[in-house]
Amino acid sequence: MKSAVADYRYRVLCLRIVPVYGGPIYLTDHPVSLVMGAHTYLSTAGYQFTGYDSRSDFSPASIDLEGIAGAAGLSRATISSGIFDGARCYVFATSFVSPVEDEEPVVAGVFGKTVLLDDRFQIGGVSLIDAIHQTIGQTYGAQCPKKFGGTEYAGCGVPLAPNTTTGTLTFATSASVFGDHSRAEADDTFGGGTIEFLSGPAVGLKPLEIKSYVGKTITTFEPFYYPPNPGDSYRMVRGCRKRLEDCKLRWNGTANFSNVANFGGFLHIPVGSTYAQVGRGEG
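Residues numbered from 1 in each chain as written. Predicted model: local features only at pLDDT ≥ 70, side-chain atom pairs only at ≥ 80, totals over all residues. Heavy atoms only, no water.

A. Seen up close, the packing of aromatic side chains. Applying the stated criterion across every chain, the model contains eight aromatic pairs. Residues tyrosine 26 and tyrosine 41 carry aromatic rings whose centres are separated by 5.1 Å and whose planes lie at 65° to one another, so their mutual orientation is edge-to-face. Of this pair, tyrosine 26 sits in strand 2 (residues 25-28) while tyrosine 41 sits in strand 4 (residues 39-43), and the two are 15 residues apart along the sequence. Like tyrosine 26, the residue tyrosine 41 is buried in the burial classification. Ring geometry for phenylalanine 178 and phenylalanine 224: centres 6.1 Å apart, planes at 50°, overall tilted. Taken together, the positions of phenylalanine 178 in strand 12 (residues 177-179) and phenylalanine 224 in the loop between strand 15 (217-220) and strand 16 (233-237) put the pair 46 residues apart, joining distant regions of the chain. The class for phenylalanine 178 is buried, based on a relative accessible area of 0%. (Phe/Tyr/Trp six-rings, centres within 6.5 Å; stacked < 30°, edge-to-face > 60°. Helix = DSSP H or I, 4+ residues; strand = E, 2+ residues; numbered from the N terminus. Buried < 20%, exposed > 50% of the residue type's maximum accessible area, 1.4 Å probe, protein only.)

Put into structure tokens, the structure is as follows:
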């Protein structure tokens, strides 16, 4: 039973998208933008709710959204960079006469992969209730499964501030290969880390993972939507290869710092052929 229901005579739908990187986006299907507190839900002809399905048997509801790239803050660059992949979305109904944010919750969900078709985008998602249908568990292996710099309970615990640096590109070969001749760090210092741009055409796009850092050259796994240029400033975070030696020396290169106590890998798990053997006595 819902605690509140929007007036059916003036009922409108609103959508709040919380991307994995960057600020939320607010949309409404009303012909005029609606102001609710400090947020303005934009009205635009560039998108539409193409479907919402829910059932009474507790199966996950599906959510579909499609529109024109570039409308209401959903630009081609942000869509292509994956900002909306895995984003949270909240749909609610309210009255356009006296709009109230989250007055009548309709569905809360998670977006899947965003598909860009020419100048149009399509996003499909499922409701949060789908989480109870997922098989969960922990995978044990030699590599540490923790997020670098995570501050959650029993997390990595490495401080990100001293492992974050800024600089300016001095050369760029492609959208995924560029570098800074002024850097003095050893090779692979930033391998597995992330880089984002603070100026230039790629500013505002999500940080990308660094594939390699060799000879002052930075190579990312994915290309930036807008190729960076010499003179663009950037922010870069050191990487973690998820190895035990990374926890020993990687973060400042000296033996007086160790994060081994927070290492989450299991180096001595026997292989399947070992633990699957049938025991036998000595005769």
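The structure having been displayed, the exposition proceeds.
B. Structural context of a nonpolar patch on the surface. A surface patch of nonpolar side chains, about 300 Å² in accessible area, is lined by Tyr140, Phe266 and Ile269. When you line up the elements, isoleucine 269 lands in the loop between helix 2 (244-250) and helix 3 (272-275). Look at isoleucine 269 and you get partly exposed, because its relative accessible area is 42%. (Patch = residues over 30% accessible without salt bridge, like charges linked within 9 Å, V, L, I, M, F, W, Y side chains within 5 Å. Areas by Shrake-Rupley, 256 points an atom, 1.4 Å probe, with all protein chains shown as cover. Salt bridge = Lys/Arg side-chain N within 4 Å of Asp/Glu carboxyl O.)

C. Inspection of the pairing of strand 10 (residues 164-168) at higher detail. Where burial is concerned, the two faces of strand 10 differ: the one with Thr165 and Gly167 is buried and the one with Thr164, Thr166 and Thr168 is not. Note: strand 10 against strand 16, five bridges, orientation antiparallel. Bridging from a neighbouring strand, glycine 167 pairs with tyrosine 234 of strand 16. (Pairing = 2+ DSSP bridges.)

D. Seen up close, the pairing of strand 7 (residues 88-95). Of all eight residues in strand 7, six are buried, a share of seventy percent or more. Judged from the eight bridges that link them, strand 1 (residues 11-18) and strand 7 form a sheet pairing that is antiparallel. Bridging across to strand 7, valine 12 finds its partner in threonine 94.

E. Structural detail: unusual backbone geometry. Even without being glycine, aspartate 102 reaches a positive phi, approximately 60°. Considering the arrangement of structural elements, one finds aspartate 102 in the loop between strand 7 and strand 8 (104-117). Assessed through its relative accessible area of 35%, aspartate 102 is described here as partly exposed. At lysine 242, a residue that is not glycine, the phi angle is positive and equals roughly 70°. In this structure, lysine 242 sits in the loop between strand 16 and helix 2.

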